[in-house]
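# Survey of secondary and tertiary structure
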There are 2 protein chains.
Amino acid sequence: MKRPTIADVARRAGVSKGAVSYALNGQPGVSEATRQRILTIATEIGFSRSSAARALSAATAGAIGLALCRPARTLGVEPFFMALISGVEAELSARSYALTLQVVADHDAEIAVYRRWWGERRVDGVLVCDLRTNDRRIPALEELHLPAVVIGGPGGTGELASLWSDDAAALTETVEYLVALGHRRIARVAGLRDLRHTEIRTDAFAAVRQRLGLVDAVTVWSDYTGEEGGRATRRLLSSAHRPTAVIYDNDVMAVAGLSVAQEMGLTVPGDLSIVAWDDSPLCRLVHPPLTALGRDIPAYGAHAARQLLAVVAGQPAGRVQDETPHLTPRGSTAPPRER
Amino acid sequence: MKRPTIADVARRAGVSKGAVSYALNGQPGVSEATRQRILTIATEIGFSRSSAARALSAATAGAIGLALCRPARTLGVEPFFMALISGVEAELSARSYALTLQVVADHDAEIAVYRRWWGERRVDGVLVCDLRTNDRRIPALEELHLPAVVIGGPGGTGELASLWSDDAAALTETVEYLVALGHRRIARVAGLRDLRHTEIRTDAFAAVRQRLGLVDAVTVWSDYTGEEGGRATRRLLSSAHRPTAVIYDNDVMAVAGLSVAQEMGLTVPGDLSIVAWDDSPLCRLVHPPLTALGRDIPAYGAHAARQLLAVVAGQPAGRVQDETPHLTPRGSTAPPRER
DNA sequence: GATGCCGACTGAACCGGATAAGCTGAGCAC
DNA sequence: GTGCTCAGCTTATCCGGTTCAGTCGGCATC
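The structure displayed is predicted, hence computed values, not measured ones.

Thresholds applied
Residues numbered from 1 in each chain as written. Chains lettered and ligands numbered in written order. Predicted model: local features only at pLDDT ≥ 70, side-chain atom pairs only at ≥ 80, totals over all residues. Contact = placed C-beta atoms within 7 Å. Helix = DSSP H or I, 4+ residues; strand = E, 2+ residues; numbered from the N terminus. Near = placed C-beta within 6 Å. Nonpolar A, V, L, I, M, F, W, Y, C, P; charged D, E, K, R; others polar. Pairing = 2+ DSSP bridges. Axes fitted to C-alpha atoms, helices over the stretch in contact; angles between N-to-C directions. Least-squares fit on C-alpha atoms with pLDDT ≥ 70 in both. Buried ≥ 20, exposed ≤ 12 C-beta atoms within 10 Å, placed from the backbone.

### Structural notes on the interface of chain A and chain B
If you look at the interface, chain A gives 52 residues, while chain B gives 52 residues. Among the secondary structure elements, those contributing two or more residues to the side of chain A that touches chain B are α4 (51–58), α5 (72–75), α6 (79–94), β2 (98–104), α7 (107–120), α12 (251–263) and α13 (281–285) of chain A.

This is the structure we're talking about:
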């Protein structure tokens, strides 16, 4: 089965290749009657433009890139990325843009991928996830002049466009909610220490702790995996002054924490209240269902994709704050039981 | 920053574009000394070939496509796809192939995407997931002559290459294990009814049921979501002759089933044994950890990718059986308690 | 009635590689 | 010395689009 080219369309319409190109791109240079005739013929013979030829002459790849820097082991468990990708995808496919995905081991590999994509002109721009403090990827991308949107912030994104949600406000709201329930000993199991949003949440936690005089508010660091989250929980619950509420930086650790609590004979929410960041079906899967900080992640991804396409189109790099995560109370939080 | 082209390399090496092309592609036509000189210069000035130009002249896109046909809602929760993707990716990036991803709503949309990819020459081949009985995508791909590997089978894959694991054997092994523990009333919460592998597992379940005389072995159908899995479990556990063991067709439903059992005051594994298909970190996240049927999913993905690249290279479509899932006993299975 | 202008289109030159075909000089046989 | 082969290049063409510089006919303008 031979794929029709623009020349085939031109021949059948009795016009030149140039005219067909103008017609297809909605550009002036052909009469409305001719445009319609050309479009009809193109549809008839099932013509679509070669992305390669288009990329070569128009200097646009028609694709954006996403490099996921997580070990294969952790990657799958968190629903976050798939939700993000599905949102990104929805926005891109509406514009016939493709999404090129690559899984990388670390930032060096990720920068190498960006460099390769740039050299091969394979993507028009990239989405950057998991912003760290002093993130080496930022200057690398700036040097390449590769359009990019950083999902994360605010701050630390250099001259690049960025999109973030107000994690500080969300964390503060959560702590205030727990305090209103009567909790005073609140712990937090944080994600990787050098991620920018971990830092932001940690600062917010310190601020609200001071403001409300929560002397027993501790933060322990973990790595988003269930194993580590469970281990951290076991340590917290074994301490002399064990917390009555724990806030987890992701859903996976929260579910692991719940299991550990149950394994140790504690009831949730009677003995321990649990809050998960990143609401997901996972939080509703367990018993009791977890109170969670959620936001519309596909919408977040779609937003980022739109922003990236704008940057690719030459618009100035915006810094945009997305929806603030909101708390959905479920069965895992309650006033602490008297002891 | 100007991207270097093959002409830049040629100029600096004092040779023609053609010579550079031969050198880069490891083709005869240049001396070994010249080849080395050209390669050195190419590395020095940071040259990489434009994927567009390459695609245009070599008629190969350097990318393979994966269309995921799941609603955004379900997509994220199952770790399966991310694990698969990371395996596919590892294989592809080793060969500088890109992975193009698209999320689609249904098979019609998926076929439309294949057609578009084919027309745009955007991918050299595709991986097909979630094979159904009488799958319309198979004839569509055959008609397009788009190289493809179907992940699923055996059978129902037409002339296309395919890769599957022996689900029948795995299911039989699992039932035999449960029977050995002393279970007689074994239920199965199956996935979507028209998926090919659901059918295969269902047939195997019927066969082993008959062979071992398990009159109370029932199958109920679900849709892989936690909600539905939980609901199905609730129904099973509320029946007069409730099962003492349940096999779930994915990890998410198994976790949901565990929650429902605990919510209903049943202990696992005392009152109910649970087995999950698709072992994943999710199974180790809960308490008790779930006995699961696992296999190396990244390896499965890598295998499929290798197979697809072979088909793209013109080798005949193979039908390959991958590793059979193996049972990993954990805390969720035990002999049924006497009643 | 010559001039200018505009819409509608054509022709040709790109974009950056791959590759077939042609050229050149060295090495060798006779 | 002539003819032949062959490695090691160069040259030209092609892939399938986009785009710019023209061409041409028709119409308004002075």
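After that view, the rundown keeps rolling.
### Some words on the protein's contact with DNA strand C
Not every one of the 26 residues close to DNA strand C is listed here, only the nearest: G18 of chain A together with I6, G18, A53 and S57 of chain B. Sorting the residues of the surface near DNA strand C by element identifies α2 (17–24) and α4 of chain A together with α2 (17–24) and α4 (51–58) of chain B as the ones contributing at least two each. Looking at side-chain class alone, the surface near DNA strand C contains 10 nonpolar, 12 polar and four charged residues.

### Digging into the sheet that holds strand β12 (residues 326–328) of chain B
Residue and element names in this part refer to chain B. Reading across from one edge, β7-β6-β8-β9-β10-β12 is the order of the six strands in this open sheet, with mixed pairing throughout. The open sheet has two edge strands, β7 (218–221) and β12, and neither has a second partner. Within this sheet the neighbouring strands show an average axis-to-axis angle of 20°, counted without direction. Where strand β6 (residues 186–190) meets β7, four bridges bridge the pair, whose relative direction is parallel. Residue pairing across strands places A190 opposite W221, the latter belonging to β7.

### So, the relation of the copies chain A and chain B
With an RMSD of 0.1 Å, chain A superimposes on chain B once it is rotated by 180° and translated 0.0 Å along the axis. This pairing of chains is accounted for by a two-fold axis. Interface overlap between copies: 100% of the residues of chain A at the interface are likewise at the interface in chain B, consistent with a symmetric, same-surface contact.

### Notes on the pairing of strand β2 (residues 98–104) of chain B
Along β2 of chain B, six of the seven residues are buried, which leaves the element largely enclosed by surrounding structure. The sheet contact formed by β2 of chain A and β2 of chain B spans three bridges and is antiparallel. For T100 of chain A, the partnering residue across the bridge sits in β2 of chain B and is T100 of chain B. Direction of pairing for strand β1 (residues 63–69) of chain B relative to β2 of chain B: parallel, over a ladder of seven bridges. Counterpart to A63 of chain B in the pairing with β2 of chain B is A98 of chain B.

### A few points about the protein's contact with DNA strand D
In the region of DNA strand D, 26 residues are neighbours, and I6, G18, S21 and S57 of chain A together with G18 of chain B sit closest. The set of elements that each furnish at least two residues to the surface near DNA strand D consists of α2 and α4 of chain A together with α2 and α4 of chain B.

### Remarks on unusual backbone geometry
In most cases, non-glycine residues show a negative phi, while peptide bonds are predominantly trans. In the segment running from G153 of chain A into P154 of chain A, the intervening peptide bond is cis, with an omega of 0°. Secondary-structure assignment places P154 of chain A in the loop between β4 (148–151) and β5 (161–165). With an omega of -5°, the peptide bond between H287 of chain B and P288 of chain B qualifies as cis. The topology assignment puts P288 of chain B in the loop between α13 (281–285) and β10 (291–294). One non-glycine residue, A59 of chain B, lies in the positive phi region at around 55°.

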